[in-house]
Amino acid sequence: MKKIGVLTSGGDAPGMNAAVRAVTRAALSKGMEVVGIQRGYVGLLNREFVDMTARSVSGIIQRGGTVLYTARCPEFRNMDGVMKGKEVCEEIGIEGLVVIGGDGSFRGAGDLSSLGIPCIGIPGTIDNDIQCTEYTIGYDTAMNTAMEMIDKLRDTTQSHARCSVVEVMGRRAGYIAVNVAIAVGAEAAITLERPYDLNAIAAKMIRTRDSKGGKNHFIVVVAEGVGQAENIARSIQEMTGIESRATVLGHVQRGGSPTVRDRIAATELGYHAVELLDQGIGNRIVGFKDGKIYDIDLQEGLAMKKPFDDERYDILTETAY
Ligand code: ADP
Ligand code: F6P
């Protein structure tokens, strides 16, 4: 391939810039031209392009967000929109495309591949909820941000001998919730993947408080998909008599400079994506399996189901008191 495109799509994630940089530098090294497409599929359809050079991706590896901007593009959800995308690629000579985003973005990439523009998906989402990969870009940074926020929250929670119910991101997945709950020493994680019993959580809190030298404050982490942080806090207060407050961390978790893990993962994935396109291979998702980089057919990857962190959930439950 002589010319490839790169775009970021869906929710941004720290480390997307590191992936854009890796794609650009790896492709330039192989003698390809690289076109940056702004605002995901919206920018493809509207021809919002920037030339990517080795220097234009300097100084972005440490930056959160995405320098290419991101968007959601309803038009790309139907084949007319995808057809228009293919025509734009042909018009400017884009022979392959790297799509950095979540599973929605990958569906668009699959459709475009089926029309003859080979696309490679790079998993970028803080939720870690792309089924065919053990790891997605942004997950580690988001968890570290949530952990730091909850550590701060603990100071005031402890001073007032309260319970803080903290909602972390994850619309459809509780990976952030369970892992952050372990990292902050929370009493419980409430996620969609596991049934929960507020009575049991409240009873445990009372036991812990009343035990010798018992705790005076508590943290409960709730996944966004469960929601209801205010209601859960109110119920816990009613059941335990412990004053409770709800905190929703929100979009702060999507920002910030990527951690070393995210920068390296993004660079490895970006490099591997370009290697595939260089061999004329498309319609693949690159990801991690058994800790190693691999790639998988796009539709097959989207149809997979990865297990929840059940063992971690159990470890949390056994060690939190
Ligand atoms: P994410 O990629 O983070 O899952 P979205 O689900 O919002 O985010 O998808 C991002 C964009 O990908 C959408 O705005 C749309 O342009 C495109 N997309 C989503 N679903 C499909 C689909 N089924 N077919 C084609 N394109 C899609
Ligand atoms: O998928 C990443 C994510 O941050 C989810 O955790 C969250 O539910 C969603 O995106 C929020 O999307 P938006 O920024 O469009 O509100």
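## Points about the sheet that holds strand β7 (residues 188-190)
A sheet is described by the order of its strands in space; here four strands give the open sequence β7-β8-β6-β9, paired in parallel fashion. Each of the sheet's edge strands pairs with one partner strand only, and the pair in question is β7 and β9 (244-248). Averaged over neighbouring strand pairs, the angle between their axes works out to 20° when direction is ignored. Pairing of β7 with strand β8 (residues 218-223), which is carried by three bridges, proceeds in the parallel orientation. In the sheet register, Ile190 faces β8, and the bridge partner there is Val222. Running at roughly 165° to β9, helix α8 (residues 229-240) makes contact with β6 (163-168), β7, β8 and β9 of the sheet.

## Some words on the sheet that holds strand β5 (residues 119-123)
Whenever strands of a sheet pair, they do so through backbone hydrogen bonds, lying parallel or antiparallel. One open sheet accounts for seven strands, arranged β3-β2-β1-β4-β5-β10-β11; its pairing is mixed. Two strands in the sheet have a free side with no partner beyond their single neighbour: β3 (49-52) and β11 (292-297). The sheet shows a mean angle of 30° between the axes of neighbouring strands, taken without regard to direction. Across four bridges, strand β2 (residues 33-37) lies against β3 in antiparallel orientation. In the sheet register, Ile37 faces β3, and the bridge partner there is Phe49. Running at roughly 140° to strand β10 (residues 284-289), helix α9 (residues 260-278) makes contact with β1 (3-8), β4 (96-101), β5, β10 and β11 of the sheet.

## Some details on the pattern of salt bridges
Summed over all chains, the structure comprises 15 salt bridges. The salt bridge involving Glu275 is made with Lys30; its shortest N-O contact spans 3.6 Å. Residue Glu275 is located in helix α9, and its partner Lys30 is located in the loop between α1 (16-29) and β2; the two are separated by 245 residues in the primary sequence. Glu275 sits in the partly exposed class, given a relative accessible area of 24%. Overall, Lys30 belongs to the partly exposed group, its relative accessible area being 30%. Across the pair Lys215 and Glu187 runs a salt bridge whose closest N-O atoms are separated by 2.9 Å. Taken together, the residues span a long stretch of sequence, with Lys215 in the loop between α7 (198-210) and β8 and Glu187 in the loop between α6 (175-184) and β7 at a distance of 28 residues. Under the relative-accessibility criterion, Glu187 is labelled buried at 6%.

Definitions and cut-offs
- Residues numbered from 1 in each chain as written.
- Chains lettered and ligands numbered in written order.
- Predicted model: local features only at pLDDT ≥ 70, side-chain atom pairs only at ≥ 80, totals over all residues.
- Heavy atoms only, no water.
- Pairing = 2+ DSSP bridges.
- Helix = DSSP H or I, 4+ residues; strand = E, 2+ residues; numbered from the N terminus.
- Axes fitted to C-alpha atoms, helices over the stretch in contact; angles between N-to-C directions.
- Contact = heavy atoms within 4.5 Å.
- Salt bridge = Lys/Arg side-chain N within 4 Å of Asp/Glu carboxyl O.
- Buried < 20%, exposed > 50% of the residue type's maximum accessible area, 1.4 Å probe, protein only.

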